[in-house]
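For reference, the chains in residue letters:
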Amino acid sequence: MHNKVLLIYTGGTIGMVQDENGALHPFELERIFEAVPQLKHTTYQIDSCQLKEIIDSSNMNPKVWAEIADIIEREYEKYDGFVVLHGTDTMAYTASALSFMLENVGKPVVLTGSQLPVGMLRSDGRENIICALEIASGQHQVVPEVCIFFEQHLYRGNRSTKVSSENFDAFYSYNYPPLVTAGINIRYKKQHIMPMPDEPMRVRTRMDEHIAVLKLFPGITPQVVQAVLHAEGLKGVIIETYGSGNAPTEQWFLLALQEAAMRGILLIDVTQCKAGGVKLKQYAVSCDLDRIGVISGGDITTEAAVTKLMYLLGNYGDDPQKVKELFEMPLRGEMNL
Ligand code: ASP
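Conventions we followed
- Residues numbered from 1 in each chain as written.
- Predicted model: local features only at pLDDT ≥ 70, side-chain atom pairs only at ≥ 80, totals over all residues.
- Heavy atoms only, no water.
- Axes fitted to C-alpha atoms, helices over the stretch in contact; angles between N-to-C directions.
- Helix = DSSP H or I, 4+ residues; strand = E, 2+ residues; numbered from the N terminus.
- Parallel < 35°, antiparallel > 145°, perpendicular 65-115°, else oblique.
- Left-handed = near helix turned anticlockwise from the far one by under 90°.
- Contact = heavy atoms within 4.5 Å.
- Nonpolar A, V, L, I, M, F, W, Y, C, P; charged D, E, K, R; others polar.
- Phe/Tyr/Trp six-rings, centres within 6.5 Å; stacked < 30°, edge-to-face > 60°.
- Lys NZ or Arg CZ within 6 Å of the ring centre and 35° of its normal.
- Buried < 20%, exposed > 50% of the residue type's maximum accessible area, 1.4 Å probe, protein only.
- Pairing = 2+ DSSP bridges.
- Expected span 1.5 Å × (residues − 1).
- Arc of directions from axis to C-beta.
- Near = heavy atom within 4 Å.
- Polar contact = N/O pair within 3.5 Å; in protein donor to acceptor, adjacent residues only side chain to side chain.
- Areas by Shrake-Rupley, 256 points an atom, 1.4 Å probe, with all protein chains shown as cover.
- Patch = residues over 30% accessible without salt bridge, like charges linked within 9 Å, V, L, I, M, F, W, Y side chains within 5 Å.
- Salt bridge = Lys/Arg side-chain N within 4 Å of Asp/Glu carboxyl O.

**Structural notes on the packing of helix H3 (residues 91–101) against helix H8 (residues 302–316)**
Moving on, step 1. One can describe the packing of H3 onto H8 by two numbers: an axis separation of 8 Å at closest approach and a directional angle of 40°. Viewed along their axes, H3 and H8 adopt a mutual orientation that is oblique. Once H3 is placed against H8, the crossing between them reads as right-handed. In this structure, H3 contributes Ala92, Tyr93, Ser96, Ala97, Phe100 and Met101 to the contact, and H8 contributes Glu303, Ala304, Val306, Thr307, Lys308 and Tyr311.
Moving on, step 2. Its residues placed into classes, the contact of H3 with H8 shows 8 nonpolar, 2 polar and 2 charged.

**With respect to the packing of aromatic side chains**
Moving on, step 1. Applying the stated rule across the entire model yields 7 aromatic pairs.
Moving on, step 2. In this structure, Lys107 is placed above the aromatic ring of Tyr76, and the distance from its NZ or CZ to the ring centre is 4.8 Å.
Moving on, step 3. Over the ring of Tyr176 we find Arg156; its NZ or CZ atom is 4.1 Å from the centre of that ring.

**Comments concerning unusual backbone geometry**
Moving on, step 1. At Glu151, a residue that is not glycine, the phi angle is positive and equals roughly 60°.
Moving on, step 2. With respect to the helices, strands and loops of the structure, Glu151 is situated in the loop between strand E8 (146–150) and strand E9 (153–156).
Moving on, step 3. On the accessibility criterion, Glu151 (23% relative accessible area) is partly exposed.

**A look at the sheet that holds strand E17 (residues 266–271)**
Moving on, step 1. Taken in spatial order, the 4 strands make up an open sheet running E15-E16-E17-E18, and their pairing is parallel. The two strands at the open ends of the sheet, each matched to only one other strand, are strand E15 (211–215) and strand E18 (295–296).
Moving on, step 2. Direction of pairing for E15 relative to strand E16 (residues 236–241): parallel, over a ladder of 5 bridges. Across the sheet, Val213 pairs through a bridge with Ile238, a residue of E16.

**Remarks on helix H6 (residues 251–262)**
Moving on, step 1. Given a rise of 1.5 Å per residue, 12 residues ought to cover 16 Å, and the 16 Å separating the end C-alpha atoms of H6 matches this to within 8%.
Moving on, step 2. When H6 is considered as a whole, its buried residues turn out to be Phe253, Leu254, Ala256, Leu257 and Ala260. Buried residues of H6, viewed axially, fall in a sector of 155°; they line one side. Of the residues in H6, the exposed ones pointing more than 90 degrees away from the buried face are Gln251 and Met262.
Moving on, step 3. Packed against the buried residues of H6 are helix H5 (222–229), E16, E17 and helix H7 (287–292).
Moving on, step 4. Of the residues flanking the end of H6, it is Gly264, one or two places downstream, whose phi is positive at about 90°.

**A closer look at the site of the ligand**
Moving on, step 1. Residues in close proximity to the ligand include Gly12, Thr13, Asp56, Ser57, Gly87, Thr88, Asp89, Ser114 and Gln115, which together make up its full environment.
Moving on, step 2. The contact in question runs from an oxygen atom of the ligand to an N or O atom on the side chain of Ser57, over 2.5 Å.
Moving on, step 3. Side-chain polar atom of Thr88 to an oxygen atom of the ligand: 2.5 Å apart, as the coordinates give it.
Moving on, step 4. The fraction of the free accessible surface of the ligand (270 Å²) that becomes covered by protein chains is 90%.
Moving on, step 5. Looking at the shell around the ligand, its residues break down into no nonpolar, 7 polar and 2 charged.

**Quick notes on a nonpolar patch on the surface**
Moving on, step 1. Residues Val163, Tyr172 and Tyr174 make up a contiguous nonpolar surface patch of about 260 Å² in total accessible area.
Moving on, step 2. By secondary structure assignment, the location of Tyr174 is in the loop between strand E11 (171–172) and strand E12 (180–182).

**A word on the packing of H5 against H6**
Moving on, step 1. Between H5 and H6, whose axes approach to 10 Å, the crossing angle comes to 5°. Here H6 runs roughly parallel to H5, going by the angle between their axes. Packed against H5, whose contacting residues are Pro222, Val225, Gln226 and Leu229, the element H6 presents Trp252, Phe253, Ala256, Leu257 and Ala260 at the interface.
Moving on, step 2. Here the contact of H5 with H6 is built from residues that sort into 8 nonpolar, 1 polar and no charged.

Here is the structure:
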């Protein structure tokens, strides 16, 4: 009996074609099978499906995340693993969102895409699809996680970031090592891969979008900070701070945060640095944030912080203390304590 993989096509460059003006548009799934004839000769079975609407991933949103999660839930028992073909632009957000939505996932869910359409001669798409499928088939080893495969590496999805709009190795995980490296051999780094969950998978697709990301920069004005903190319906803000979680100590800034915290808005501190994380109170300039009750995001990526906050507010929104507690602990390997 062959292992079975479900290929879920969402869009992205991998399946795009150029229009008469040279702009790239998403195209149908069939193109991909035509461009990668090797897919007919695999030692595992591939079935495929596509989203209701094929999109450039710049149009990704929580409804589409739910659509993908629902497909995986519906087909979970029938397949050994899943490959999600996705545009690279927001792939790290989708991988992070799915990692939270799919609690206790016990099968590989591998997102991949490409920098050049798979129909082009020099496309990186063929290798990415073939490796992603092979890993998702679970025929060598099962990786029970939501991951991103790109170029040579399988990364934990909620640790990944798109780092290049130009190079074929477009993704990187700064704070966690790759789970698999694909060279001549596919090498699984067992010590970095999540253990098999004891509980059955459970899918929760509710996300609350009433959040914002506030990126600090020298010279940021009170008007900009206030505009964000007073956005209608706002429930939580990811503040992208400097270095190990540092922020200005100017009175107007601290008062604005304090007032927002008093209105029940959750404030999360993540660093603008690519590697490393937040260490509140390491410097005097982060002591006030700690006093105001700002939550440390540790070494989480912004992509994972955004989706984790949406997920926690969507599922525990009526209990802000619980949201705070859960945010501070790793739920899917997205942060180190
Ligand atoms: N704009 C494309 C997308 O994210 C880029 C890509 O797939 O590489 O859908």
